[in-house]
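These are the residues of each chain, in order.
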Amino acid sequence: MLRALIFDVDGTLAETEDLHRQAFNRAFAELGLPWHWDEALYANLLTVMGGKERLAHYIDTQHPYEANALHALAPEIHARKTAAYGAQVAESGLPLRPGVARLIAEARAAGLRIAVATTTSRPNVDRLLAANFPPDAAPFDVIAAGDEANRKKPAPDVFLLALAGLNVAASEAVAFEDSAAGISSARAAGLPVLATRSRYTDSHRLDGAFSAVSDLGEPGRPHRHLAGLEWPGGIVDLAGLLRWHDALEEPGNSPTCVGPPSTRS
């Protein structure tokens with residue numbers, strides 16, 4: 001029985017990544033650092049999971065001779081970045097991606113449990129949820145954030161934390177991801193994965209997902225099918241997820257995953 005849905009945040013719940021990039025640049029400017037992360041550079045940095053880890057990688061690779069001093073400054077850089085990101089989300093009212101709020105509402109109405117499994121920091125999650133849900137909505141039963149996991153994605157740790165908090169088996173849940181590292185993380189935790197493309201993961205292979213789509217789709221705004229399982233009307237809905245999951249329980253069936261050749265659209 002399908003009992004839970006587990007969502008990544010950045011690029012999956014919302015197109016947050018460019019706000020993270022802008023927030024880093026604002027923090028650099030506030031501290032007088034002559035750095036600027038453009039979109040191409042940030043796309044490369046996103047191969048390192050976690051904002052703190054991304055910043056440390058940048059320091060080590062681009063400023064190795066100043067690394068000791070810059071690593072000492074890194075906590076303040078990241079704190080200022082987190083504050084800037086929160087302010088930007090509050091100002092912009094960053095919307096959820098197509099179909100996300102609809103599917104969450106369908107799942108909650110049906111009694112499914114819902115979680116977040118993300119490498120981002122908890123304050124970033126809280127800011128995004130505050131911008132998109134009423135204060136008393138509590139859309140997620142469990143929030144497993146990056147600082148709580150021993151290892152970042154593609155290690156399975158954060159998804160295992162979410163499963164433990166939900167008290168469900170991996171076979172009773174579906175994960176939603178937008179990146180190759182995220183898919184690997186969820187699959188390593190034993191979860192089937194539905195993948196959606198996002199702005200900064202357009203070049204990622206989506207191997208390991210049982211379905212890959214541009215987004216979850218809305219009535220009148222169907223998604224683009226990329227690979228794997230197709231969804232009637234171009235909409236990922238709870239009824240379709242339940243039918244797919246029920247079929248897995250039939251003898252001899254297992255998740256059919258996207259794989260080589262490349263799944264780029």
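The coordinates are above.
Computed from a predicted structure; not experimentally measured.

Let us now look at helix α6 (residues 122–132). Three- or four-residue spacings in an α-helix give side chains the same orientation, since the helix completes a turn every 3.6 residues. Within α6, the full set of buried residues consists of Asn124, Val125, Leu128 and Leu129. Summarising the axial view, the buried residues of α6 lie within an arc of 130 degrees, below the 170-degree limit, and thus occupy one face. Elements in contact with the buried residues of α6: α1 (17–30), α4 (67–92) and β3 (142–144).

Once that is clear, we can look at the side chain of arginine 102. As for its position among the elements, arginine 102 is in helix α5 (residues 100–109). From its side chain, arginine 102 meets the backbone oxygen of valine 236 in a polar contact 2.9 Å long.

Here the structure, examined in full by the defined rule, presents two cavities of 30 Å³ or more. Reported here for the largest cavity is a volume of approximately 290 Å³. In terms of lining residues, the largest cavity is bounded by 29 residues, among which Asp10, Glu17, Met49, Arg54 and Thr119 are the most central. Counting residues per element, the lining of the largest cavity draws most heavily on helix α3 (residues 51–62), at four residues. Of the residues belonging to the lining of the largest cavity, the class tally is five nonpolar, 12 polar and 12 charged. Estimated volume of the second largest cavity: approximately 50 Å³. Lining the second largest cavity, in full, are Phe7, Thr12, Arg97, Pro98, Val100, Phe176, Thr196, Asp215 and Leu216.

All chains considered together, the criterion is met by 17 salt bridges. A salt bridge links aspartate 8 to lysine 153, with the nearest nitrogen and oxygen atoms 3.0 Å apart. You can see aspartate 8 sitting in the loop between β1 (4–7) and α1 and its partner lysine 153 sitting in the loop between β3 and α7 (157–166), a full 145 residues away along the chain. For arginine 102, the salt bridge is made with glutamate 106, and the minimal N-O distance between the two is 3.3 Å. Residue arginine 102 and its partner glutamate 106 are located together in helix α5, separated by four residues, close to a single helical turn. The buried category is assigned to arginine 102, whose relative accessible area is 16%. The class for glutamate 106 is partly exposed, based on a relative accessible area of 27%. Linked through salt bridges whose partners overlap, the residues forming this network are Asp18, Arg21, Glu39 and Arg199.

Cut-offs and rules
Residues numbered from 1 in each chain as written. Predicted model: local features only at pLDDT ≥ 70, side-chain atom pairs only at ≥ 80, totals over all residues. Heavy atoms only, no water. Buried < 20%, exposed > 50% of the residue type's maximum accessible area, 1.4 Å probe, protein only. Helix = DSSP H or I, 4+ residues; strand = E, 2+ residues; numbered from the N terminus. Arc of directions from axis to C-beta. Contact = heavy atoms within 4.5 Å. Polar contact = N/O pair within 3.5 Å; in protein donor to acceptor, adjacent residues only side chain to side chain. 1 Å grid on protein atoms, 1.4 Å probe; cavity = no way out; pocket = protein on both sides within 12 Å on 5 of 7 lines; lining within 4 Å. Points joined across faces, edges and corners; volume = space filled by probe spheres on them. Nonpolar A, V, L, I, M, F, W, Y, C, P; charged D, E, K, R; others polar. Salt bridge = Lys/Arg side-chain N within 4 Å of Asp/Glu carboxyl O.

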